[in-house]
Amino acid sequence: MPLIAIAGPTASGKTQFSLQLAQALKGEIICADSRQIYQDMDIGTAKPNAKELSQAPHHLFDYVDPRQSYSVAAYRKAALAQIEAIQQRNQQALLVGGTGLYFRTLLYDYNLPEVPAQPALREVLEQLPLETLKAELLAVDPIAGERIHLNDRFRLVRALEVYKTTGRPISSFQTRSSGLSIPCLYVGLRLKKDLLYERIQMRINQMFQDGLIEEVQELQAKYGEDLPLLKTLNYAEVIAYLKGDYDLNAAKEKMFIHTRQYARRQRTWFQRDQEIHWFDIEGPQDIQSAVQWVIEQLPKHG
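For every chain, the first residue of the written sequence is number 1, and numbering continues from 1 onward in sequence order. pLDDT decides what is reported in this predicted model: residues at 70 or higher carry local features, side-chain atom pairs at 80 or more are listed and counted, and totals for whole chains, interfaces and linings draw on all residues regardless. Excluded from the side-chain calculation are hydrogens and water; included are all heavy atoms of the structure.

The subject of this paragraph is the environment of Asp-273. Numbering of helices and strands runs from the N terminus, with a helix taken as a DSSP run of H or I at least four residues long and a strand as a DSSP run of E at least two residues long. Here Asp-273 is to be found in the loop between helix H12 (248-271) and strand S6 (277-280). Residue exposure (1.4 Å probe, protein chains only): buried if accessible area is under 20% of the type maximum, exposed if over 50%, otherwise partly exposed. Asp-273 sits in the buried class, given a relative accessible area of 1%. Separated by 21 residues in the primary sequence, Asp-273 and Lys-252 place their C-alpha atoms 32 Å from one another.

Okay, here's the thing in structure tokens:
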């Protein structure tokens with residue numbers, strides 16, 4: 001049976017959509033989010049909660065120690081193994097998330113640089129300001145430099161790591177097939193901007209109600225204040241608040257701005273994948289209609 005891949009920007013309803021599909025199809029959900037794979041990072045990554053996790057088998061959530069360097073190649077290997085195991089059980093595999101590179105490496109013949117992590121070099125690069133990393137990457141690899149956002153420290157560091165190790169820009173390694181390389185029904189969810197922004201704001205408020213500040217403090221205590229993942233979306237803003245750089249309302253506003261920017265980058269990325277069948281979601285009835293459409297299409301993609 002074909003894989004069902006469910007993509008889209010943050011806060012677009014992917015979790016509820018995938019759970020309804022999983023329940024209808026005896027499906028098992030595979031994480032395709034580059035932060036939800038990490039242990040203990042729950043609230044700030046909008047990871048499915050305990051109730052949601054109990055509604056269907058979930059894989060590759062809470063999979064990696066936050067201190068571990070985890071590559072896209074390692075993710076691809078783990079995700080492909082999960083897809084194969086689920087299909088061998090005659091269950092429906094659902095790939096769900098918002099990390100475009102994860103989808104591309106799994107669904108297409110996508111080449112990745114076979115360059116292992118360089119701990120000493122990475123440690124040096126991770127200490128540099130984001131502006132310095134961005135400028136250096138633009139100088140040696142304008143394609144990757146334009147594509148990778150200023151706040152995406154992990155990808156900036158990785159791109160420079162590959163260049164400094166091989167002498168070749170990372171963009172020269174990254175090529176993909178013109179079409180899907182595995183049997184797959186590839187769908188995406190999208191919302192009008194006003195509705196998406198409203199849902200983002202609601203999610204941010206819910207994160208604080210659920211204990212985001214306490215989660216950040218627990219992560220600092222367990223893994224140290226220098227944990228690189230604490231410099232990512234929703235965690236960096238809370239840390240700045242805890243340091244007194246700005247008040248709580250300002251922290252929420254910065255989270256809102258940065259999440260909007262992230263959602264825009266996600267939309268741009270997924271729009272390049274012409275194989276995606278998009279659903280415009282405005283309410284629960286649209287989710288239900290999309291679920292029914294997928295069920296009806298499955299026999300055609302076997």
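Read on for the rest.
So, about the packing of helix H5 (residues 119-126) against helix H8 (residues 153-166). One way to put it is that H5 packs onto H8 with a least axis distance of 10 Å and a crossing angle of 130°. By the angle between their axes, H5 is oblique relative to H8. H5 and H8 meet at a crossing whose hand is right-handed. For the pair formed by H5 and H8, the contact residues are Leu-121, Arg-122, Leu-125 and Glu-126 on the first element and Arg-153, Val-157, Arg-158, Leu-160, Glu-161, Lys-164 and Thr-165 on the second. Note on residue categories: nonpolar means Ala, Val, Leu, Ile, Met, Phe, Trp, Tyr, Cys or Pro, charged means Asp, Glu, Lys or Arg, and polar means any other residue, Gly included. When grouped by side-chain class, the residues that make up the contact of H5 with H8 number four nonpolar, one polar and six charged. Between N-to-C directions, angles span 0 to 180 degrees; the directions come from axes that are lines fitted to C-alpha atoms, helices contributing only their stretch in contact. We call two directions roughly parallel when the angle between them is under 35 degrees, roughly antiparallel when it is over 145, roughly perpendicular when it lies between 65 and 115, and oblique otherwise. Handedness of a crossing follows from how the near helix is turned relative to the far one, being left-handed for an anticlockwise turn of less than a right angle and right-handed for a clockwise one. A contact between two residues is defined here by any heavy atoms of the two lying within 4.5 Å.

With that out of the way, let us pick up the nonpolar core. Ranked by size, the top nonpolar core spans 79 residues in total, and within it Phe-17, Tyr-75, Leu-95, Leu-107 and Tyr-186 carry the most contacts. When near neighbours in sequence (up to four residues on either side) are disregarded, Leu-107 contacts Leu-3, Ala-5, Leu-95, Gly-179, Leu-180, Ser-181, Ile-182, Cys-184 and Tyr-186. Think of a nonpolar core as a cluster: buried Ala, Val, Leu, Ile, Met, Phe, Trp, Tyr and Cys residues, connected wherever their side-chain atoms sit within 4.5 Å. The next biggest cluster of nonpolar side chains, apart from the first, holds 14 residues, and it includes Val-115, Ile-148, Ile-170 and Phe-173.

Turning our attention to the packing of aromatic side chains. Aromatic contacts are taken between Phe, Tyr and Trp rings whose centres are within 6.5 Å, Trp giving its six-membered ring; a plane angle under 30 degrees counts as stacked, one over 60 as edge-to-face, and the others as tilted. By the definition in use, this model includes seven aromatic pairs. For the ring pair Tyr-75 and Tyr-102, a centre distance of 3.7 Å and an interplane angle of 10° mean the geometry is stacked. Taken together, the residues span a long stretch of sequence, with Tyr-75 in helix H3 (residues 72-88) and Tyr-102 in helix H4 (residues 100-107) at a distance of 27 residues. Tyr-102 carries the same exposure label as Tyr-75, and that label is buried. Relative to Trp-293, the ring of Phe-279 lies with its centre 5.3 Å away and its plane at 75°, an arrangement referred to as edge-to-face.

In this section: the pattern of salt bridges. Put simply, a salt bridge is a Lys or Arg side-chain nitrogen that is within 4 Å of an Asp or Glu carboxyl oxygen. Throughout the structure, instances matching the rule amount to 12 salt bridges. The salt bridge partner of Arg-104 is Asp-273, with a shortest N-O separation of 2.8 Å. Pair noted here: Arg-104 is in helix H4 and Asp-273 is in the loop between H12 and S6, with a separation of 169 residues, a long-range link. Note on accessibility: Arg-104 and Asp-273 belong to one class, buried. For Glu-161, the salt bridge goes to Arg-122, with nearest N and O atoms at 2.5 Å. Here Glu-161, found in helix H8, pairs with Arg-122, found in helix H5; they are 39 residues apart in sequence, far enough to count as distant. Arg-122 matches Glu-161 in its accessibility class, with the two residues each being buried. One network of salt bridges, in which partners are shared, links Asp-42, Lys-47 and Asp-62.

The subject of this paragraph is the sheet that holds strand S2 (residues 27-31). With respect to topology, six strands assemble into an open sheet ordered S3-S2-S4-S1-S5-S6, the strand pairing being parallel. A strand with exactly one partner marks an edge of an open sheet, and here the two such strands are strand S3 (58-59) and S6. With three bridges connecting them, strand S1 (residues 3-7) and strand S4 (residues 92-96) associate as parallel partners. Counterpart to Ile-6 in the pairing with S4 is Val-96. The strands touched by helix H1 (residues 14-25) within the sheet are S1, S2, S3, S4 and strand S5 (184-190), with S1 carrying the most contacts at an inclination of about 160°. Packed onto the sheet, helix H13 (residues 284-297) meets S1, S5 and S6 and runs at close to 170° relative to S5. Between any two strands, at least two bridges found by DSSP are needed for them to pair.

Most of S2 is tucked away, with five of its five residues classed as buried. Burial along S2 is two-sided: Gly-27, Ile-29 and Cys-31 facing one way and Glu-28 and Ile-30 facing the other are all buried. Where S2 and S4 come together, five bridges link them in parallel fashion. Bridged to Ile-30 within S4 is Leu-95. Relative to S3, S2 runs parallel, the two being bridged by two bridges. Its bridge partner lying in S3, Ile-30 is registered against His-59.

With respect to the helices, strands and loops of the structure, Asn-234 is situated in the loop between helix H10 (212-223) and helix H11 (236-242). In this structure Asn-234 comes out as buried when scored by relative accessible area, which is 5%. Contact partners of Asn-234, with chain neighbours within four places excluded, come to Arg-35, Gly-44, Met-207, Leu-212, Met-255 and Thr-259.

By rolling a water-sized probe across the atoms, one finds the places where empty space is left. Space inside and on the surface of the protein is sampled on a 1 Å grid over the protein atoms alone, with a cavity defined as a set of points where a 1.4 Å probe fits but cannot get out and a pocket as an open set with protein on both sides within 12 Å along at least 5 of 7 lines; lining residues have an atom within 4 Å of a point. Grid points are joined across faces, edges and corners, and a volume is the space filled by probe spheres set on the points. Inspection of every chain in the model, using the stated rule, returns one cavity of 30 Å³ or more. As for the largest cavity, its lining consists of Asn-151, Arg-153, Phe-154, Pro-228, Lys-231 and Thr-232. For the lining of the largest cavity, the residue count by class is two nonpolar, two polar and two charged.

That is the geometry; function is a separate question.
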